[in-house]
Amino acid sequence: MALLKVKFDQKKRVKLAQGLWLMNWLSVLAGIVLFSLGLFLKIELRKRSEVMNNSESHFVPNSLIGVGVLSCVLNSLAGKICYDALDPAKYAKWKPWLKPYLAVCVLFNAILFLVALCCFLLRGSLETTLAYGLKNGMKYYRDTDTPGRCFMKKTIDMLQIEFRCCGNNGFRDWFEIQWISNRYLDFSSKEVKDRIKSNVDGRYLVDGVPFSCCNPSSPRPCIQYQLTNNSAHYSYDHQTEELNLWLQGCRAALLSYYSSLMNSMGVVTLLVWLFEVSITAGLRYLHTALENVSNPEDPECESEGWLLEKSVPETWKAFVESCKKLGKSNQVEVEGADAGQAPEAG
């Protein structure tokens, strides 16, 4: 028994074809939107590629760009099919290709749904790549004279100012690395010598942070050096007083920014997916309604359209059996080829 059977007359078939034609061109615009969103996300990730450890984070924008292009191509073709559907002469050339085309549309809808899920689920990989990338970027902050790394100081400073963050997980991350270049250290100073000698790796570590960690909204002038030394500043207690630095780590700030972008894009992709599913269902109804016209010479006659010719279990069973037959036919061909080679080998 056919699933969701609907009766169509000439007027309904015309309205269905016209409605699908309009929906397909709207889907072309939706494909352009998906392409633009993927391109925007890719540019945003490229801006901060220096603080990202690998290219896994580009999977989502690349996928959005790909499905956007596919949506434009498939829906443009579907619009042409719907335009020619009610002209028997023009429809005849599309008739042999409609079933394969519908199968491609179903596959595209499945891919589109997976891309929408990836927009929500790839937060973990993004968090990992940001954690390692920021950690490595902070190590190279002082290398302003090293080719290939001289830009890292500016990148980190602009990042901390733009996203109002400090360090990887917090401002104390700067206490664990030497972020001041040796070029700006006075090695004749006893304090500098003592700090370098007291460190196993010979690094100059201070309880201070770069200027870009300062919060300009703080009423107090920024305290960026000797943050843990209460006696170095008037009326200051680092354990009780709220510091005039950005307290949020840059990893959390960037993760929140990119996650909100990807979640918004995931919602848009899901809406486009629902629209594409409705178009595919409409194309199936149009296809079956035109196939079941009893008298092609009488355009006014009624016909029946459906989504599936059989019920869902029967359709699935037929699909599995066809896959098995296909596998067996391939196996027979391989065995026949081996048998043909055996006498030659003898």
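Bear in mind that the values here come from a model prediction, so they are computed numbers and not experimental data.

Engineer: For this particular structure, what's the right way to read the overall build of the protein chain?
Structural biologist: Summing up its helical and strand segments, the protein chain has 9 helices and 2 strands in all. Here the protein chain, with 346 residues, has 39% of them falling under the buried criterion. Long-range contacts, defined as pairs at least 24 residues apart, comprise 73% of the intrachain contacts of the protein chain with a sequence gap of at least 6. With the model as given, the accessible surface of the protein chain reaches about 20,100 Å², and the carbon-plus-sulfur share is 61%.

Engineer: It is not clear to me how the state of the cysteines should be interpreted in this structure. Could you clarify?
Structural biologist: Covalently bonding the sulfur atom of one cysteine to the sulfur atom of another cysteine gives a disulfide. In the structure shown here, the tally under the stated rule is 3 disulfides. Between the sulfur of Cys165 and that of Cys250 lies a disulfide, 2.1 Å long from S to S. Looking down the S-S bond of the Cys165 and Cys250 bridge, the torsion is 85 degrees, so its handedness is right-handed. Of this pair, Cys165 sits in the loop between helix H6 (152-163) and helix H7 (190-198) while Cys250 sits in helix H8 (residues 250-291), placing them 85 residues apart in sequence. Neither residue differs from the other here; Cys165 and Cys250 are each classed as buried. With its sulfur 2.1 Å from that of its partner, Cys166 forms a disulfide with Cys213. For the disulfide bridge between Cys166 and Cys213, the dihedral angle about the S-S bond is near 85 degrees, and by the sign convention the bridge is right-handed. Of this pair, Cys166 sits in the loop between H6 and H7 while Cys213 sits in the loop between H7 and H8, and the two are 47 residues apart along the sequence.

Engineer: Even after reading the chapter, I still don't get a nonpolar patch on the surface, so can you show me in this structure?
Structural biologist: Side chains of Trp21, Leu22, Trp25, Leu26, Leu29, Ile32 and Tyr83 sit close together on the surface and give an oily, nonpolar patch of about 720 Å² of accessible area. Within the fold, Trp25 resides in helix H1 (residues 10-47). Here Trp25 falls in the partly exposed class, since its relative accessible area comes to 37%.

Engineer: What is the right way to read the pattern of salt bridges from this model?
Structural biologist: It is possible for side chains of opposite charge to pair when their charged atoms get near one another. In the structure shown here, the tally under the stated rule is 9 salt bridges. Note that Glu44 and Arg48 form a salt bridge whose closest N and O atoms lie 3.4 Å from each other. Taken individually, Glu44 and Arg48 each receive the classification buried, so the pair is uniform in this respect. Linking Asp201 and Arg203 is a salt bridge whose minimum nitrogen-to-oxygen distance equals 3.8 Å. Residue Arg203 is classed as partly exposed on the basis of its relative accessible area, which comes to 28%.

Engineer: What exactly am I supposed to notice about the packing of H1 against H8 here?
Structural biologist: Each packed pair of helices is defined by two parameters, the angle between the axes and the distance between the axes. In contact at an axis separation of 9 Å, H1 and H8 are set at 155 degrees when each is read in the N-to-C sense. Taken together, H1 and H8 sit at an angle that is classed as roughly antiparallel. For the pair H1 and H8, the sense of crossing is left-handed. Looking at side-chain class alone, the contact of H1 with H8 contains 26 nonpolar, 5 polar and 3 charged residues.

Engineer: Is there a simple way to explain the UniProt feature "transmembrane region" (unreviewed entry) in the protein chain in this structure?
Structural biologist: Annotation from UniProt places "transmembrane region" (unreviewed entry) at residues 20-41, 101-122 and 255-275. Overall, residues 101-122 shows 95% helix and 0% strand. The separation of its end C-alpha atoms is 31 Å. A distance of 30 Å separates the end C-alpha atoms of residues 255-275, which is 100% helix and 0% strand.

Engineer: Looking at this model, I keep getting lost on the packing of H1 against helix H2 (residues 59-84). Mind explaining?
Structural biologist: Where H1 meets H2, the axes come as close as 7 Å, and the angle between the chain directions of the two elements is 165 degrees. Comparing their axes, H2 and H1 come out roughly antiparallel. Viewed along their axes, H1 and H2 form a crossing whose handedness is left-handed. Its residues assigned to classes, the contact of H1 with H2 comprises 21 nonpolar, 10 polar and 1 charged.

Engineer: Sorry, what's going on with the nonpolar core here?
Structural biologist: The nonpolar side chains of soluble globular proteins are, as a tendency, buried together. Counting residues in each nonpolar core, the largest one holds 70 residues, and the members touching the most others are Trp174 and Val209. Broken down by secondary-structure element, the contributors of at least two residues to this core are H1, H2, helix H3 (88-94), helix H4 (98-121), helix H5 (123-139), H6, H7 and H8. A per-element tally of this core places H8 first, with 13 residues. With residues near it in sequence (within four places) discarded, Val209 still touches Cys166, Phe171, Trp174, Phe175, Trp179, Gln224, Leu227 and Leu245.

Parameters and conventions
- Residues numbered from 1 in each chain as written.
- Predicted model: local features only at pLDDT ≥ 70, side-chain atom pairs only at ≥ 80, totals over all residues.
- Heavy atoms only, no water.
- Helix = DSSP H or I, 4+ residues; strand = E, 2+ residues; numbered from the N terminus.
- Buried < 20%, exposed > 50% of the residue type's maximum accessible area, 1.4 Å probe, protein only.
- Contact = heavy atoms within 4.5 Å.
- Areas by Shrake-Rupley, 256 points an atom, 1.4 Å probe, with all protein chains shown as cover.
- Disulfide = S-S within 2.5 Å.
- Patch = residues over 30% accessible without salt bridge, like charges linked within 9 Å, V, L, I, M, F, W, Y side chains within 5 Å.
- Salt bridge = Lys/Arg side-chain N within 4 Å of Asp/Glu carboxyl O.
- Axes fitted to C-alpha atoms, helices over the stretch in contact; angles between N-to-C directions.
- Parallel < 35°, antiparallel > 145°, perpendicular 65-115°, else oblique.
- Left-handed = near helix turned anticlockwise from the far one by under 90°.
- Nonpolar A, V, L, I, M, F, W, Y, C, P; charged D, E, K, R; others polar.
- UniProt positions renumbered as here; feature names shortened; annotations may be inferred.
- Core = buried A, V, L, I, M, F, W, Y, C linked by side-chain atoms within 4.5 Å.

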